[in-house]
Amino acid sequence: MTVIIEEPMSLGAEDDREEKPALVPSLFPLIPPTLYFSTANEKVELLPAEQRRLLKWKMSAVTPNVVKHTIARSHFKVTKKSHDWLGCWGHHMKSPAFKSLGEHQKLNHFPGTFQIGRKDRLWRNLSKMQVRFGKQEFSFFPRTFVLPQDIKLLRKAWEDSGSRQKWIIKPPASARGIGIQVIHRWSQLPRKRPLLVQKYLHKPYLIGGNKFDLRIYVYVTSYDPLRIYIFSDGLVRFASCKYSSSMKTLGNKFMHLTNYSVNKKNSEYQDNSDDKACQGHKWALKALWQYLGSRGVNTTLIWEKIKDIVIKTVIASEPYVNSLLKMNVRTPYSCHELFGFDIMLDENLKPWILEVNISPSLHSNTALDVSIKGQMIRDLLNLAGFRIPQREDVIAPCSSASSSTSSLCGGTREKTKPDLSADEKVKRAFYLTQRYADQDFLSTLLDVLTPEDVRVLAESEDERNRCGKFERVFPSPSSSRYLRFFECPRYLNILLDQWEQKHWNNRTKGISLLTTLCQKGVHLGTSDPAHMWSKCSYISRFEPHRQDLVSPSRARVVVSHRHRSHDDDNDDGSDREVASVSSLPVSPSPGSSVTSSACASPQPSPSQSLLPQQFASL
């Protein structure tokens, strides 16, 4: 029988708990506040009745208790209606079902994340990255074969590896260790079902003779711009039998698998309730760092390598997710997602990715689980930035929804997202298409901030201010190098990267600038020429340094529309930023940080050439 441990809270002492305001104000004027989610030893003030009535949460069969407890402390009520909820922690849905989400609703998934959440898609996408960028950058996953497609390649690798090589086989879409085996004979390979076959990491780092893996919690708040956070703590899950490399032991799942759902069935499994203790078969990640640090291990270096794996892996999913977001989701506000990355350390303490979970277990069976997952979910919901909507946005019943999506129907009044202004399209097109865009050039992007620039930068700073024990790893002051791994450069990623580089060591100055702009309402739209890029010099302060750039009077911006989709199933898809523009080239630079060669447009016809003022017709 599974015992669910509740978060500690003394009801008798409830009135002694510190009361926190229900709303977290923005750092900036004229930007709405977000709802506050508390820890178990805090209480949240009651909002006025009219606002409190809007705090509805859609329950799902998979909503974990740790989420239920956290939202209850912020006075959310459960609703069974399909249109009036603000938040839901539920199953992943088919991509078209995301169309039913209202603009005031948040679901804990993005469409298309199965591209890293399914084992076969994860390895396909990482393998493509490895082919494109080399093994030096993408050497953090074992050699993998997807059957039946790769059967001939596997046979050759099997023969080349010799009889002592161990292989691990996994169903492509399973969880909790179901169907996983370690084998070493070709005859042991199942033939009649899809399968993932990997070289087994047969020399893991051992503690007390046992192998282990790490559960790292990764949270993505947005895919365009991409913003990735990692929780500072996590779980260390041990196999419950001492490790042996003997072929005779390969059938012992308690030795070779680290899944909690497998090892808890072992009579020798030992629980651990202390998040600081290095005992039992489950530790806190911080306890592991303490243990390794006391033995002279550079744990900071391991953590940096894990961040590197996380960023590159999420980027591998980025083209698919953004394509499906554009097709199926009304507003970026509606999606956010928690991933569980499973990482193993080998004997040299090199981290390897094992898999990515798009619905990581949040069950809390011990005080250790509650301590880590409770804090993590509370910080995640604060980071998510739930807003109280206008009442009229949530009272309209669903007018049309198919039976397959009606359970999550948004019911919002039909709003059209405002398109980018012609001016903002010109600016984005200009910066996305410089073939050799070095740092000097890209830094000019911040010279004239358009309304959408200000809105995105303010949102990003607000989010960073609410991150709790999450750390933002992308964008960060050191994340510029990852821009080259994107299949197609995206303007908002470059914008945030330039902002980080300019303001990372003096954020107060950047926040002060945004405060002034928001006070003027620039983020809400403005006709002030100072925030209209095409009314200012295209090249602003950059002009004196680079005479070879075009001048505004001679600028010709070529717009072409190109869309590419991947030929997987209907839920796949990759996109390009639709407006692809070319102008007179910038001189080559050895320090180029962004190129658009991967997304270069076909040679335009004369009819596609537009002067900037003609963008108004786009």
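Above this text sits the structure in question.
1. What about the overall build of the chain?
Reasoning step 1: In terms of helices and strands, the chain carries 16 helices and 21 strands.
Reasoning step 2: Taken across its 618 residues, the chain has 57% of its residues classed as buried.
Reasoning step 3: Expressed as a percentage of contacts within the chain between residues at least 6 apart in sequence, the contacts between residues at least 24 apart total 72%.
Reasoning step 4: Here the chain displays about 27300 Å² of accessible surface, and carbon together with sulfur accounts for 51% of that area.

2. Overview of helix α16 (residues 507-519)
Reasoning step 1: Over its 13 residues, α16 runs 18 Å from end to end, which matches the ideal 18 Å to within 8%, given 1.5 Å per residue.
Reasoning step 2: Every buried residue of α16 is listed here: R507, G510, L514, L517 and C518. Around the axis of α16, the buried residues are gathered within 95° of arc, so they sit on the same side. Those residues of α16 that are exposed and angled more than 90 degrees off the buried face are T508, K509 and Q519.
Reasoning step 3: A positive phi of about 80° marks G521, the residue just after α16.

3. Some words on the environment of N263
Reasoning step 1: Secondary-structure assignment places N263 in helix α7 (residues 260-263).
Reasoning step 2: Judged by its relative accessible area of 0%, N263 falls in the buried class.
Reasoning step 3: Beyond its immediate chain neighbours, meaning those up to four positions away, N263 contacts F238, A239, S240, F254, L257, T258 and Y269.

4. A look at the sheet that holds strand β9 (residues 144-147)
Reasoning step 1: Spatial ordering of the open sheet is given by β9-β12-β10-β11, a layout of 4 strands whose pairing is antiparallel. This sheet does not close on itself; its edge strands, each paired only once, are β9 and β11 (181-183). Taking the axes of each pair of neighbouring strands and ignoring which way they run, one obtains an average angle of 25° across the sheet.
Reasoning step 2: By the bridge criterion, 4 bridges tie β9 to strand β12 (residues 195-199) in an arrangement that is antiparallel. In the strand pairing of β12, L147 is matched with L195.
Reasoning step 3: Each of β9, β10 (167-170) and β12 touches helix α4 (residues 119-133); the most contacted strand, β12, lies at about 55° to it.
Reasoning step 4: Running at roughly 140° to β9, helix α5 (residues 151-161) makes contact with β9, β10, β11 and β12 of the sheet.

Basis of the calculations
- Residues numbered from 1 in each chain as written.
- Predicted model: local features only at pLDDT ≥ 70, side-chain atom pairs only at ≥ 80, totals over all residues.
- Heavy atoms only, no water.
- Helix = DSSP H or I, 4+ residues; strand = E, 2+ residues; numbered from the N terminus.
- Buried < 20%, exposed > 50% of the residue type's maximum accessible area, 1.4 Å probe, protein only.
- Contact = heavy atoms within 4.5 Å.
- Areas by Shrake-Rupley, 256 points an atom, 1.4 Å probe, with all protein chains shown as cover.
- Expected span 1.5 Å × (residues − 1).
- Arc of directions from axis to C-beta.
- Pairing = 2+ DSSP bridges.
- Axes fitted to C-alpha atoms, helices over the stretch in contact; angles between N-to-C directions.

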